[in-house]
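So the chains spell out like this:
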Amino acid sequence: KGIFFDIGAGVGYWSYIFASLGCKVYAYETDKELQRFIKNVAKQNNLSIKVFGEFKRFGDVMPDFAKIATDGGEEKIIMESIEVLTNTKIGLALEVRNETLYLVDELKKIGYKEIKRFGEDNYFVFFKK
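What you see is a predicted model, and the numbers here were worked out from it, not measured in a lab.

Let's talk about the overall build of the protein chain
Piece 1. Tallying secondary structure elements over the protein chain gives five helices and seven strands in all.
Piece 2. When its helices and strands are written in sequence order, the protein chain yields β-α-β-α-β-β-α-α-β-α-β-β.
Piece 3. For 129 residues, the compact-globule estimate of 2.2 N^0.38 gives 14 Å, and the C-alpha radius of gyration of the protein chain, at 14 Å, lies within 12% of that figure.
Piece 4. Seen along its three principal axes, the alpha-carbon backbone of the protein chain occupies a region of about 40 × 30 × 25 Å.
Piece 5. Taken across its 129 residues, the protein chain has 43% of its residues classed as buried.
Piece 6. Approximately 7,500 Å² of the protein chain is accessible, and the part contributed by carbon and sulfur atoms is 50%.
Piece 7. The averaged location of the 19 negative side-chain charges in the protein chain is 8 Å from the averaged location of its 20 positive side-chain charges.

Right, here's the structure in full:
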């Protein structure tokens, strides 16, 4: 159990998995049709998922784990959240591309450890503190 942020939720795949495991899920997706889709699937399957538009920054509610895959917005989210990430132990799954691979080093500077990396051009990198 815990709190999961699905930032760049898409069709909500990660949200459904974490909600089915009993987590309180906050899905952030800017596409209105995908928001409706996630809400419908959650309702049909009795899953606890709150759906929001654009992710602004970490604030009042802090997740135990966050997946960030926003088709290019990952850099902005990480860099604007660096202070919060420095002072918390949020587990992360981050999508990076060759041009944003430096974000791995930025997270390591503030105490994150890379656990696993998948992919070749687009990577999914898992971190913990």
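Quick look at the sheet that holds strand β1 (residues 3–7)
Piece 1. On the basis of which strands lie adjacent, the open sheet formed by seven strands has the order β3-β2-β1-β4-β5-β7-β6 and mixed pairing. What marks the edges here is a single partner per strand, and that holds for β3 (49–52) and β6 (113–118). On average, each strand axis in the sheet is inclined to that of its neighbour by 15 degrees, with strand direction left out of account.
Piece 2. In the packing of helix α1 (residues 13–20) onto the sheet, the strands contacted are β1, β2 (24–28), β3, β4 (65–68), β5 (91–97) and β7 (122–128), and the crossing angle to β1 comes to about 170 degrees.

Some details on α1
Piece 1. Inspection of α1 places Ser 15, Tyr 16, Phe 18 and Ala 19 among the buried residues, and these make up the whole buried set.
Piece 2. Elements that come into contact with the buried residues of α1 comprise β1, β2, α2 (32–44), β3 and β4.
Piece 3. Downstream of α1 by one or two residues, Gly 22 has phi in the positive range, about 95 degrees.

Description of the confidence of the model for the protein chain
If pLDDT is low for a region, its predicted coordinates should not be looked at in detail.
Piece 1. The predicted model of the protein chain has a mean per-residue pLDDT of 94, with 100% of residues at 70 or higher.
Piece 2. Of all helices and strands in the protein chain, the one with the weakest mean pLDDT is β7 (91), whereas β1 scores best (98).

Quick word on the side chain of Glu 106
Piece 1. In this structure, Glu 106 sits in helix α5 (residues 102–109).
Piece 2. Polar contacts involving the side chain of Glu 106 include one to the side chain of Lys 109, which spans 3.1 Å.
Piece 3. Those residues in contact with Glu 106 that sit more than four places away from it in its chain are Met 79 and Ile 82.

What counts, and where the lines are drawn
- Residues numbered from 1 in each chain as written.
- Predicted model: local features only at pLDDT ≥ 70, side-chain atom pairs only at ≥ 80, totals over all residues.
- Heavy atoms only, no water.
- Helix = DSSP H or I, 4+ residues; strand = E, 2+ residues; numbered from the N terminus.
- Rg over C-alpha atoms; globule rule 2.2 N^0.38 Å.
- Buried < 20%, exposed > 50% of the residue type's maximum accessible area, 1.4 Å probe, protein only.
- Areas by Shrake-Rupley, 256 points an atom, 1.4 Å probe, with all protein chains shown as cover.
- Lys, Arg positive; Asp, Glu negative; His and termini not counted.
- Charge placed at Lys NZ, Arg CZ, Asp CG, Glu CD.
- Pairing = 2+ DSSP bridges.
- Axes fitted to C-alpha atoms, helices over the stretch in contact; angles between N-to-C directions.
- Contact = heavy atoms within 4.5 Å.
- pLDDT = per-residue confidence, 0-100.
- Polar contact = N/O pair within 3.5 Å; in protein donor to acceptor, adjacent residues only side chain to side chain.

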